[in-house]
Amino acid sequence: MPSKFMMIMRVLRDIGISTDAGQPDPDFKAAEHDLYKGDLEVAWKLAAATQGDHELRADRIGKISKILVRNVDELGKIAAANPDDADLHLLLGATRIQHAWKVRTGATADQVSREQFEQFWFILGGAYDPLMRAAELRPADPVPWDKLQWRGLGLQVSRDEMDEVWQELTDRDPYHYGAHYSRVQVLCEKWQGSHREVLEFTSEVADSAPPGEPLGALTVAAHLEVMMGTDAEPLDYFGRPHISAQLVRISDTWLAGLRPHHRNIEAHHLLGVGLYLAGERERARDHLSRVSARSITDGLPWSYIGYRYDKLDYRAIRKSLGLKMKDA
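What this report covers is the structure whose coordinates are included nearby. Because the structure is a prediction, the values reported are computed rather than measured.

Looking only at helices and strands, the chain has 18 helices and zero strands in total. The C-alpha atoms of the chain give 20 Å as radius of gyration, which agrees with the globular expectation for 328 residues (20 Å, within 12%). Structurally, the chain occupies a C-alpha span of about 55 × 45 × 40 Å along its principal axes. Contacts in the chain between residues at least 24 apart in sequence constitute 67% of all its contacts with a sequence separation of at least 6. Only carbon and sulfur atoms are counted for the fraction: they give 51% of the accessible area of the chain, which is about 15,500 Å². The chain carries 41 positive and 49 negative side-chain charges, and their two centres are separated by 7 Å.

What follows is the structure, encoded as structure tokens:
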């Protein structure tokens, strides 16, 4: 029986919606065919070209590692032969994490066999050494530490250890969007935090973010986690006056200082959904008018809203807002 994830992907393909809504990366796009053919030299060069751009590095490493899962053993041999190459070791660690989650599958825990869990934990364990080697070789790079957050979640390492990883990460880049997205997951009640903690975290982040940083959008991610954790209905939950007011303030502040950022598209999706559910239709229209009609984010918000609630999928919301259903 196909997994829920595969069925979702099939539906999206059939209606012509892509799940790659990120910032355009022409170099990655040009090399994508070679990556799928298993060209590890191309992968290596693409990773090396991201040095110094933390957001691009995190995004590109994530995309490449998903593709390279089938080549993970060969990648391990190349990394072993090049012990002083930070890019190779980061790629290897990230790819082992992707491999582990693929083995586990997206099924709920009660549907994952003991054998799958043991293999999942074993593969995740193998991500530690290459990631720490990458961090050692390039001390200013926050991306290995972000990958260690996902390793830690899967292995259920102690909260103290996760907090230490977070400190190392923010010492290197206090406003890294991808890292904050990961931290939201760590602080969820379903992992190692609580509803109150994740909401307080994203509220503080939104208040302290420099002008133009899209970090405030993660407040919507936190609210979505709490909504799901409390079995609340989306319109009821986001329609609460204090939540609506919070999202309006975050949106207006961000747009007033809007500047180019690698994760702006994702932030527009999050705030567009949050404001729509809160009844702020004009503001929701503003955000969703800035993103493609043909692509959605791979994770939040659509993985919760679009796939689980009738008439709250991306196309239905765009239509409700009077937005074009196709890009010009």
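Taken as a whole and judged by the stated rule, the model has 25 salt bridges. For Arg133, the salt bridge identified is with Glu136, shortest N-O distance 3.2 Å. In this pair, Arg133 and Glu136 both sit in helix H8 (residues 128-137), three residues apart, roughly one turn of the helix. Several salt bridges converge on common partners, so that one network encompasses Arg57, Asp87, Arg138 and Asp141.

Our focus in this paragraph is helix H4 (residues 54-67). The first and last C-alpha atoms of H4 sit 20 Å apart over 14 residues, in line with the 20 Å expected at 1.5 Å per residue. Most of H4 is tucked away: twelve of the 14 residues are buried. Those residues of H4 that are buried lie in contact with helix H2 (26-36), helix H3 (40-48), helix H6 (86-104), helix H9 (143-155) and helix H11 (177-187).

Moving on to the packing of helix H5 (residues 72-81) against H6. At a minimum axis distance of 10 Å, the contact between H5 and H6 shows a crossing angle of 155°. Classed by the angle they form, the pair H5 and H6 counts as roughly antiparallel. Note that H5 runs across H6; the crossing there is left-handed. In this structure, H5 uses Val72, Leu75, Gly76, Ile78 and Ala79 to contact H6, whose residues at the interface are Leu88, His89, Leu91, Leu92, Thr95, Arg96 and His99. A breakdown of the residues in the contact of H5 with H6 according to their chemical character gives seven nonpolar, four polar and one charged.

Here the focus is the environment of Trp121. You can see Trp121 is positioned in helix H7 (residues 114-125). For Trp121 and Gly62, which are 59 residues apart along the polypeptide, the C-alpha to C-alpha distance reads 20 Å. The residues contacting Trp121, other than those within four sequence positions of it, are Arg114, Gly154 and Leu155.

A word on the nonpolar core. Within the largest apolar cluster, 96 residues are counted, with the highest numbers of intra-cluster contacts made by Leu224, Met227, Phe238 and Leu270. Setting aside anything within four residues of it in sequence, one finds Phe238 in contact with Val220, His223, Leu224, Met227, Ile243, Ser244, Leu247, Gly274, Leu277 and Ala278.

Moving on, we get to the environment of Tyr177. Residue position: Tyr177 is located in helix H11. The exposure class assigned to Tyr177 is buried, which follows from its relative accessible area of 0%. Residues Tyr177 and Thr253 lie 76 residues apart in sequence; the distance between their C-alpha atoms is 17 Å. Setting aside chain neighbours within four positions, we find Tyr177 in contact with Glu55, Pro214, Leu215, Ala217, Leu218, His261, Arg263, Glu266, Ala267 and Leu270.

Calculation criteria
- Residues numbered from 1 in each chain as written.
- Predicted model: local features only at pLDDT ≥ 70, side-chain atom pairs only at ≥ 80, totals over all residues.
- Heavy atoms only, no water.
- Helix = DSSP H or I, 4+ residues; strand = E, 2+ residues; numbered from the N terminus.
- Rg over C-alpha atoms; globule rule 2.2 N^0.38 Å.
- Contact = heavy atoms within 4.5 Å.
- Areas by Shrake-Rupley, 256 points an atom, 1.4 Å probe, with all protein chains shown as cover.
- Lys, Arg positive; Asp, Glu negative; His and termini not counted.
- Charge placed at Lys NZ, Arg CZ, Asp CG, Glu CD.
- Salt bridge = Lys/Arg side-chain N within 4 Å of Asp/Glu carboxyl O.
- Expected span 1.5 Å × (residues − 1).
- Buried < 20%, exposed > 50% of the residue type's maximum accessible area, 1.4 Å probe, protein only.
- Axes fitted to C-alpha atoms, helices over the stretch in contact; angles between N-to-C directions.
- Parallel < 35°, antiparallel > 145°, perpendicular 65-115°, else oblique.
- Left-handed = near helix turned anticlockwise from the far one by under 90°.
- Nonpolar A, V, L, I, M, F, W, Y, C, P; charged D, E, K, R; others polar.
- Core = buried A, V, L, I, M, F, W, Y, C linked by side-chain atoms within 4.5 Å.

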